[in-house]
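Chain residues, written in single-letter form:
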Number of protein chains: 2
Amino acid sequence: MLFFTQCFGAVLDLIHLRFQHYKAKRVFSAAGQLVCVVNPTHSLKYAPTRCAAAQTSTEQGILPPCHHHETVHNPQLVPCTCPLFSCPWEGHLEVVVSHLRQTHRINILQGAEIVFLATDMHLPAPTDWIIMHSCLGHQFLLVLRKQEKYEGHPQFFATMMLIGTPTQADNFTYRLELNRNQRRLKWEATPRSVLECVDSVISDGDCLVLNTSLAQLFSDNGSLAIGIAITTSKVHSAEAEM
Amino acid sequence: MLFFTQCFGAVLDLIHLRFQHYKAKRVFSAAGQLVCVVNPTHSLKYAPTRCAAAQTSTEQGILPPCHHHETVHNPQLVPCTCPLFSCPWEGHLEVVVSHLRQTHRINILQGAEIVFLATDMHLPAPTDWIIMHSCLGHQFLLVLRKQEKYEGHPQFFATMMLIGTPTQADNFTYRLELNRNQRRLKWEATPRSVLECVDSVISDGDCLVLNTSLAQLFSDNGSLAIGIAITTSKVHSAEAEM
């Protein structure tokens, strides 16, 4: 009897795993908008500096996903911009997207307006939800992070970074929108370049910030839907014309 | 010589006080929108219950601004809704506005769209910025509060409450908008009724919440401009028609 119970448990676990996998890959269109289900990833990168983080993960027996280079010789090379891992990869800005896709398995989506559906918001901090967004001829990195800036009080931080230079980033405006239960919260800003570290954007608080209570108000069954839109910055265009 | 220095100091203090008074009353129109400069008030009401707060303020020798009634006999009477003081006043909902104006000196402004300019954002918590807003035939209470929900980490909470019943409040939508330095943050919600305590709305986090860093990003020279708009709720109207 115990054997059958255990077998049944194992089958249930397999079904659950299969469902989770399906959920992670699910991308569907609802009301003309592309909805992308994004599963959380427990962040392994929590140390003051990149080098320190790489060292910690090595000490703990967690191998960083790329090989480790101690020094940077070529100033044209940029470090890996993945917010999840302390990755010592370096390369030209043009190949950052393919590095993030291939090495860190970050999905990329097309479309001017998408819905980012972050699942399992209850998971403990530090946790990241990450996706790339291809739009207007450029690629953007969307990061939602659950972090305890103040111990015991997790907050959610959402930002969009251009995989490009700060000058290129100035040409765009991104909008993040939460809308549920007769409440709406909108954040609009110029994206920052991935050359500025996402960690510093979040520690500066220059992004959409949600307390746990607000996140719960906007969540539906443990998932948070964030509407994303990117436009070319009108202010900047007007300035350029002058 | 000392006498003249002291006299000069006293004159300077008087000029400063006069200027503060002038600032508090200043209301001007900029680009078609009514801008109202709102000075901060150090909140005297910080205790879990109204009675406890009244007791504490009396114990500390701070007299509450109204007389103290121990019991409520008439269920049609509502308590004072002033977020600043533990006021034991009771009266009919219709006379709450005149009580807030006359006893608590809360200003009232007319207009569908106004700009609430909160000064001296650097002042320590607990601090409140309060105004009443008359619009669409109703009066609303706008509260911006600086509060340390977590010790050592002050946050700003902004909400709008209808001076009316919860059923009346369901007919409206209010919008609070911050806009500065290529960043925009909008919060839209159904106002809560003043019969639900403003303290509970803030402790639930069901309002616009700003970290100190975000508040600084949107502030200009220590003042925070919040654009306010009130509309009749379309969702509710559509539901009523069905």
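Residues numbered from 1 in each chain as written. Chains lettered and ligands numbered in written order. Predicted model: local features only at pLDDT ≥ 70, side-chain atom pairs only at ≥ 80, totals over all residues. Heavy atoms only, no water.

## Comments concerning the relation of the copies chain B and chain A
For these two chain copies, the linking operation is a rotation about an axis paired with a shift along it.
Item 1. Overlay of chain B on chain A (RMSD 0.0 Å): rotation 180 degrees, translation along the axis 0.0 Å. The superposition of one copy onto the other is thereby described by a two-fold rotation axis. The position closest to the rotation axis in chain B is occupied by the C-alpha of Lys186(B), lying 2.5 Å away.
Item 2. A high fraction, 100%, of the interface residues of chain B reappear at the interface in chain A, so the copies pair face to face through one surface. (Least-squares fit on C-alpha atoms with pLDDT ≥ 70 in both. Contact = heavy atoms within 4.5 Å.)

## Overview of the pattern of salt bridges
Item 1. Enumeration according to the criterion identifies 16 salt bridges over all chains in this entry.
Item 2. Between Glu177(A) and Arg175(A) there is a salt bridge; the shortest N-O distance is 3.6 Å.
Item 3. When salt bridges with common partners are traced through the structure, they connect Arg183(A), Arg192(B), Glu196(B) and Asp206(B) into a single cluster. (Salt bridge = Lys/Arg side-chain N within 4 Å of Asp/Glu carboxyl O.)

## Brief notes about the environment of Arg105(B)
Residue and element names in this part refer to chain B.
Item 1. Mapping Arg105 onto the fold places it in the loop between helix 3 (96-102) and strand 6 (108-110).
Item 2. Exposure remark for Arg105: the relative accessible area of 68% places this residue in the exposed category.
Item 3. For the pair formed by Arg105 and Thr173, sequence separation is 68 residues and the distance between their alpha carbons is 26 Å. (Helix = DSSP H or I, 4+ residues; strand = E, 2+ residues; numbered from the N terminus. Buried < 20%, exposed > 50% of the residue type's maximum accessible area, 1.4 Å probe, protein only.)

## Section: the interface of chain B and chain A
Item 1. Contacts between the two partners involve 26 residues from chain B and, on the opposite side, 26 residues from chain A.
Item 2. Where chain B packs against chain A, one counts two salt bridges.
Item 3. With its nearest N and O atoms 2.6 Å apart, the salt bridge here joins Asp206(B) to Arg183(A).
Item 4. Counting across the chain B and chain A interface gives seven residue pairs in polar contact (both at pLDDT 80 or more).
Item 5. At the level of secondary structure, the elements contributing two or more residues to the side of chain B that touches chain A comprise strand 10 (153-162), strand 12 (183-189), strand 14 (208-211) and helix 6 (212-218) of chain B.
Item 6. Among the elements that make up the side of chain B that touches chain A, the one with the highest residue count is strand 12 of chain B (seven residues).
Item 7. Grouping the amino acids of the side of chain B that touches chain A by side-chain chemistry returns eleven nonpolar, eight polar and seven charged.
Item 8. Strand direction decides the pairing type here: strand 12 (residues 183-189) of chain A and strand 12 of chain B, joined by seven bridges, are antiparallel. Paired with Trp187(A) across the bridge in strand 12 of chain B is Leu185(B). (Polar contact = N/O pair within 3.5 Å; in protein donor to acceptor, adjacent residues only side chain to side chain. Nonpolar A, V, L, I, M, F, W, Y, C, P; charged D, E, K, R; others polar. Pairing = 2+ DSSP bridges.)

## Focus on the environment of Ala125(B)
All names here are of chain B.
Item 1. Considering the arrangement of structural elements, one finds Ala125 in the loop between strand 7 (113-118) and strand 8 (127-135).
Item 2. The spatial distance from the C-alpha of Ala125 to the C-alpha of His42 is 7.9 Å, given a sequence separation of 83 residues.
Item 3. Setting aside chain neighbours within four positions, we find Ala125 in contact with Lys146, Gln147, Glu148 and Pro154.

## Focus on the state of the cysteines
Linking two cysteines covalently through their sulfur atoms gives a disulfide.
Item 1. Tallying each qualifying case throughout the model produces zero disulfides over all chains.
Item 2. The structure places no disulfide on Cys135(B), whose sulfur is separated from the nearest cysteine sulfur, that of Cys36(B), by 14 Å. (Disulfide = S-S within 2.5 Å.)

## Overview of the UniProt feature "domain: Seven-in-absentia protein TRAF-like" (unreviewed entry) in chain A
Item 1. Residues annotated by UniProt as "domain: Seven-in-absentia protein TRAF-like" (unreviewed entry) correspond here to residues 134-228 of chain A.
Item 2. In residues 134-228 of chain A, helix accounts for 19% and strand for 58%; the two terminal C-alpha atoms are 12 Å from one another. (UniProt positions renumbered as here; feature names shortened; annotations may be inferred.)

## Some remarks on unusual backbone geometry
All names here are of chain A.
Item 1. Residue Pro126 is bonded to the preceding Ala125 through a cis peptide linkage, with omega at 0 degrees.
Item 2. Among the structural elements, Pro126 can be located in the loop between strand 7 (113-118) and strand 8 (127-135).
Item 3. Here the phi dihedral of Asn181 falls at roughly 60 degrees; this positive angle occurs in a residue that is not glycine.
Item 4. Note that Asn181 resides in the loop between strand 11 (172-180) and strand 12.
Item 5. By relative accessible area, which is 49% here, Asn181 ends up partly exposed.
Item 6. Here Asn221, not a glycine, exhibits a phi torsion of approximately 55 degrees, which is positive.
Item 7. Relative to the elements of secondary structure, Asn221 occurs in the loop between strand 15 (219-220) and strand 16 (223-232).
Item 8. Classification of Asn221 by relative accessible area gives exposed; the value is 79%.

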